[in-house]
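Working through the structure, step by step
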Amino acid sequence: MRKITVISMITMDGVMQAPGGPGEDTSGGFEYGGWVATYGDETYKKILQEELEQRADYLLGRKTFEIWEGYWPEHSDFWPGINEGTKYVLSNTRGDSHWKNTDFIKSIAAIKKLKNSHGPDIQVWGSSKLVQLLLKNDLVDELWLKIFPLTLGTGKKLYGDGTVPAAFALTESTITSKGVFIAKYERAGKVGTGSVKV
């Protein structure tokens, strides 16, 4: 069985839309594209580079894939693995791509089959609707979050209605000099409840 890991840059109010640049995703009239730009430091760069160097396959929503499809094939010097790993794209409207190692899938059943197959672990970057679908179907094994010290109040969010109640355990964490909280969580069973004793 392959692990599915969601890797996301989010604001404190959970927005994940267009962290990389102003033109990345303006859907819904989003005006804050590139909101991570002022938060880089050496700690952040080192952790990001470690993530990019891992051997993985990738599960992407169509919109994220189409943003990446026009950029990453020509920038493999920065992220060689993105060209070599298989890109599985959840889409009902696309079926082919010039980008090598790309397969299209159409359903949550196909994702479950993929998760139960053999191969490298699977990383999900961006893809807000896909992430929400995975959380709704309890298919996320790990969350690697970079939580930035700002709120935007609008934009696509990591969590949506219908997320399955689930417990996660913090396995690693770092705070950068710019206040970015970088945390890795792994699935840790069911949500526990009880009374708080004072």
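This text follows the structure it describes.
Residues numbered from 1 in each chain as written. Predicted model: local features only at pLDDT ≥ 70, side-chain atom pairs only at ≥ 80, totals over all residues. Heavy atoms only, no water.

Counting residues in each nonpolar core, the largest one holds 21 residues, and the members touching the most others are V6, L59, I111, V124, L130, L134 and L158. Among the secondary structure elements, those contributing two or more residues to this core are β1 (4–11), β3 (87–90), α4 (108–115), β5 (122–125), α5 (128–136) and β6 (142–148). Ranked by residue count, the leading element in this core is α5, at four residues. When sequence neighbours within four positions are dropped, the list of residues in contact with L134 reads I4, L59, I111, V124, L139 and V140. The next biggest cluster of nonpolar side chains, apart from the first, holds 15 residues, and it includes I7, F65, I82 and W99. (Core = buried A, V, L, I, M, F, W, Y, C linked by side-chain atoms within 4.5 Å. Buried < 20%, exposed > 50% of the residue type's maximum accessible area, 1.4 Å probe, protein only. Helix = DSSP H or I, 4+ residues; strand = E, 2+ residues; numbered from the N terminus. Contact = heavy atoms within 4.5 Å.)

Attention now moves to the layout of surface pockets. What the largest pocket holds in volume is close to 1200 Å³. Around the largest pocket, the lining is made up of 44 residues, and of these M9, P19, E24, W68 and G126 lie nearest the centre. Only β1, α1 (42–52), α2 (62–69), α5 and β6 provide two or more residues apiece to the lining of the largest pocket. (1 Å grid on protein atoms, 1.4 Å probe; cavity = no way out; pocket = protein on both sides within 12 Å on 5 of 7 lines; lining within 4 Å. Points joined across faces, edges and corners; volume = space filled by probe spheres on them.)

Among the structural elements, E142 can be located in strand β6. Note on E142: relative accessible area 9%, which makes it buried. Taking the C-alpha atoms as reference points, E142 and V191, 49 residues apart in sequence, are found 16 Å from one another. Dropping the residues within four chain positions of it, E142 is found in contact with K3, I4, T5, V6, Y185 and E186. At 3.1 Å, the side chain of E142 forms a polar contact with the side chain of K3. (Polar contact = N/O pair within 3.5 Å; in protein donor to acceptor, adjacent residues only side chain to side chain.)

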